[in-house]
Amino acid sequence: MEGFAVLSLLFNVALIAILCARGGQHEDSLRHGNFTHQDTLELCPQRASLLHLELFFILCFMCEFATRLVSCPDKRRFFRKALNVVDFLALFPVCLDLFFSRRGHQPALPCWLNLFRVVYILKLLKVFQLLETPRMLRVLPYVLRSVLKDIAILMWVFLFEILFFGSIMLFADLIEGHPDRLMHDIFSSFWWAVITLTTIGYGDMSPFQPAGKVIGACTMLCGLLTIIVPIPIFFIKFKHHYTSAVIKEKRKGKGKAMAATASSEV
């Protein structure tokens, strides 16, 4: 069973390699002009072989998925698992690609179809089924559940800061009346507020007037404080849940040891 799982994982890696190769070939084929999908296949003969190879892997996954689905007694419970849904969705991109290639559509449609092939990457999450999940990852969902309220408050604070500083920067830019305006509309000011509050700073928009620089400095300071303050809360709750998990595992280990000792004495 483990060997089959490893083989499935290798097939997933092969699909991702095909996805990367197809992405480069799509870019090269689009440079030739507005050709149909069939013309694209003729310009890139390797693309057809990649499509056939991808189809082979998908057929293997289809057989494996059908076997698991038929052998599962509870079909609803089967589709409630996220990885099973991912496996189901991964069967469609290559079929759609073959459908459009037969109909001779424009290459834009297959390019958009490559977006659905990202599901292949999600299939790599199955590696956690082969390995024992680390304690840290097992504790993390409980920690996130316990800090949901804090995260919601943090999001509201961020939303307020985005609206507040974005609006101030927009009106300050309008009042200064510089010919090279920084903000063209309210949405660009909100975008500036987001990248400044999160201290990312792409550099696509930067204030050059004194008022704008002051507002930008205040925005950065507020963003830093908003990000830094919740970190100790998250750390404390993570430490609490992690310690509880360690204690539970030790108790289980002691219980198993005592049960084994009692059975050996009998």
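Parameters and conventions
Residues numbered from 1 in each chain as written. Predicted model: local features only at pLDDT ≥ 70, side-chain atom pairs only at ≥ 80, totals over all residues. Heavy atoms only, no water. UniProt positions renumbered as here; feature names shortened; annotations may be inferred. Helix = DSSP H or I, 4+ residues; strand = E, 2+ residues; numbered from the N terminus. Buried < 20%, exposed > 50% of the residue type's maximum accessible area, 1.4 Å probe, protein only. Contact = heavy atoms within 4.5 Å. Areas by Shrake-Rupley, 256 points an atom, 1.4 Å probe, with all protein chains shown as cover. Salt bridge = Lys/Arg side-chain N within 4 Å of Asp/Glu carboxyl O. Disulfide = S-S within 2.5 Å. Phe/Tyr/Trp six-rings, centres within 6.5 Å; stacked < 30°, edge-to-face > 60°. Patch = residues over 30% accessible without salt bridge, like charges linked within 9 Å, V, L, I, M, F, W, Y side chains within 5 Å. Lys, Arg positive; Asp, Glu negative; His and termini not counted. Charge placed at Lys NZ, Arg CZ, Asp CG, Glu CD. Arc of directions from axis to C-beta.

Naming follows an unreviewed UniProt entry, where the protein chain appears as Potassium voltage-gated channel subfamily A member 7 of Ophiophagus hannah. We quote the UniProt Subcellular location (unreviewed entry) comment for the protein chain here in full: "Membrane".

Draft legend 1. Representation of the overall build of the protein chain in the model. Across its full length, the protein chain carries 14 helices and zero strands. Order of helices (α) and strands (β) in the protein chain, N terminus to C terminus: α-α-α-α-α-α-α-α-α-α-α-α-α-α. When the 266 residues of the protein chain are sorted by exposure, 30% land in the buried category. Counting only contacts in the protein chain whose residues sit at least 6 apart along the sequence, the fraction spanning at least 24 positions is 71%. Here the protein chain displays about 17500 Å² of accessible surface, and carbon together with sulfur accounts for 71% of that area.

Draft legend 2. Spatial organisation of the pattern of salt bridges. Counting across every chain of the model gives three salt bridges. Among the salt bridges present, the one from Glu 64 reaches Arg 68, with a minimum N-O distance of 2.7 Å. One end of the pair, Glu 64, and the other, Arg 68, are both in helix α3 (residues 45-71), four residues apart, so they sit about a helical turn from each other. Under the relative-accessibility criterion, Arg 68 is labelled partly exposed at 23%. A salt bridge links Asp 150 to Lys 237; its shortest N-O distance comes to 3.5 Å. Of the two residues, Asp 150 sits in helix α11 (residues 148-176) while Lys 237 sits in helix α14 (residues 230-265), which places them 87 residues apart along the sequence. Residue classification places Lys 237 among the partly exposed positions, given a relative accessible area of 27%.

Draft legend 3. Up close: the state of the cysteines. In this structure the tally under the stated criterion is zero disulfides. Lacking any disulfide linkage, Cys 63 is separated from the closest cysteine sulfur, that of Cys 60, by 6.7 Å. A relative accessible area of 51% places Cys 63 in the exposed class.

Draft legend 4. Spotlight on the packing of aromatic side chains. Enumeration over the complete set of coordinates arrives at 12 aromatic pairs. Consider the rings of Phe 234 and Phe 238, whose centres lie 6.5 Å apart with planes at 20°: the pair is stacked. Of this pair, Phe 234 and Phe 238 both sit in helix α14, four residues apart, which is roughly one turn of the helix.

Draft legend 5. Here's a closer look at the UniProt feature "transmembrane region" (unreviewed entry) in the protein chain. In this structure's numbering, the residues bearing the UniProt feature "transmembrane region" (unreviewed entry) are residues 47-70, 151-172 and 214-236. Secondary structure over residues 151-172 splits into 100% helix and 0% strand, and the C-alpha atoms at its two ends are 31 Å apart. Secondary structure within residues 214-236 divides into 96% helix and 0% strand; the distance between the first and last C-alpha atoms comes to 35 Å.

Draft legend 6. Spatial organisation of a positive patch on the surface. Taken together, the side chains of Lys 248, Lys 250, Arg 251, Lys 252 and Lys 254 define a basic patch exposed on the protein surface. Of note, Lys 254 is situated in helix α14.

Draft legend 7. Structural detail: helix α5 (residues 82-89). Of the positions making up α5, those classed as buried are Asn 84, Val 86 and Asp 87. Looking straight down α5, one finds that the buried residues subtend no more than 155° of arc, so they occupy a single side.

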